[in-house]
Amino acid sequence: MAFYLQDVPGGVWANEVTVRSTLAATTYEPGVYVDRVSPTPLLMVVATHDTVTLTDTALAAYERAREPKRLVLVPGGHFDPYLAGFDAACGAARTWFADHLAPRKD
């Protein structure tokens, strides 16, 4: 909550959403489709104590996902993969993208 309420310079970011966006967010459930993503590589970076995108819900979605997949757990809450756990999350993403997006050497 503190992240959203912090002071930022004018014109950088407005802390507001439309009513339609709020309604749409209540119906957003990407975990429903996770088993349909395969064979697209899936990397999930999950915070171990996330109360925004609940950790147990994310882990359940990961279990339903098909290969190729990788799970990276970052200690902390929702924003910790971007803050205290940034190096772990970024390193995992960089490795994953290099492995799965690099041009093939056929």
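Right above here is the structure, for reference.
Presented here is a report on the structure given in the accompanying data block. None of these values were measured; they are calculated from a predicted model. (Residues numbered from 1 in each chain as written. Predicted model: local features only at pLDDT ≥ 70, side-chain atom pairs only at ≥ 80, totals over all residues. Heavy atoms only, no water.)

**Notes on the pairing of strand S1 (residues 42-47)**
Most of S1 is tucked away, with 5 of its 6 residues classed as buried. As judged from the 6 bridges shared by S1 and strand S2 (residues 69-74), these two strands associate in the parallel manner. Each residue of the ladder has a partner; that of Leu43, found in S2, is Arg70. Once you follow S1 into helix H3 (residues 55-64) and on to S2, the crossover reads as right-handed. (Buried < 20%, exposed > 50% of the residue type's maximum accessible area, 1.4 Å probe, protein only. Helix = DSSP H or I, 4+ residues; strand = E, 2+ residues; numbered from the N terminus. Pairing = 2+ DSSP bridges. Right-handed = clockwise from strand over helix to strand, strands pointing away.)

**A few points about the packing of aromatic side chains**
Evaluated as defined, the whole model comprises 0 aromatic pairs. One cation-aromatic arrangement involves Lys69 over Tyr62; the distance from NZ or CZ to the ring centre is 4.4 Å. (Phe/Tyr/Trp six-rings, centres within 6.5 Å; stacked < 30°, edge-to-face > 60°. Lys NZ or Arg CZ within 6 Å of the ring centre and 35° of its normal.)

**Section: helix H4 (residues 86-101)**
In a regular helix each residue adds 1.5 Å, so 16 residues correspond to 22 Å; H4 covers 21 Å between its end C-alpha atoms and thus fits that length. Burial in H4 covers these residues: Ala89, Gly91, Ala92, Ala93 and Trp96. Here the buried face of H4 lies against S1 and S2. (Expected span 1.5 Å × (residues − 1). Contact = heavy atoms within 4.5 Å.)

**Quick look at a nonpolar patch on the surface**
On the surface, Phe3, Tyr4, Leu5, Val8, Val12 and Trp13 cluster together into a nonpolar patch covering about 570 Å² of accessible area. Relative to the assigned elements, Val8 resides in the loop between helix H1 (2-5) and helix H2 (19-26). (Patch = residues over 30% accessible without salt bridge, like charges linked within 9 Å, V, L, I, M, F, W, Y side chains within 5 Å. Areas by Shrake-Rupley, 256 points an atom, 1.4 Å probe, with all protein chains shown as cover. Salt bridge = Lys/Arg side-chain N within 4 Å of Asp/Glu carboxyl O.)

**Some thoughts on the side chain of Asp50**
As for its placement among the helices and strands, Asp50 is situated in the loop between S1 and H3. Of the polar contacts made by the side chain of Asp50, one reaches the backbone nitrogen of Val52; its length is 2.7 Å. When near neighbours in sequence (up to four residues on either side) are disregarded, Asp50 contacts Thr55, Gly76, Gly77 and His78. (Polar contact = N/O pair within 3.5 Å; in protein donor to acceptor, adjacent residues only side chain to side chain.)

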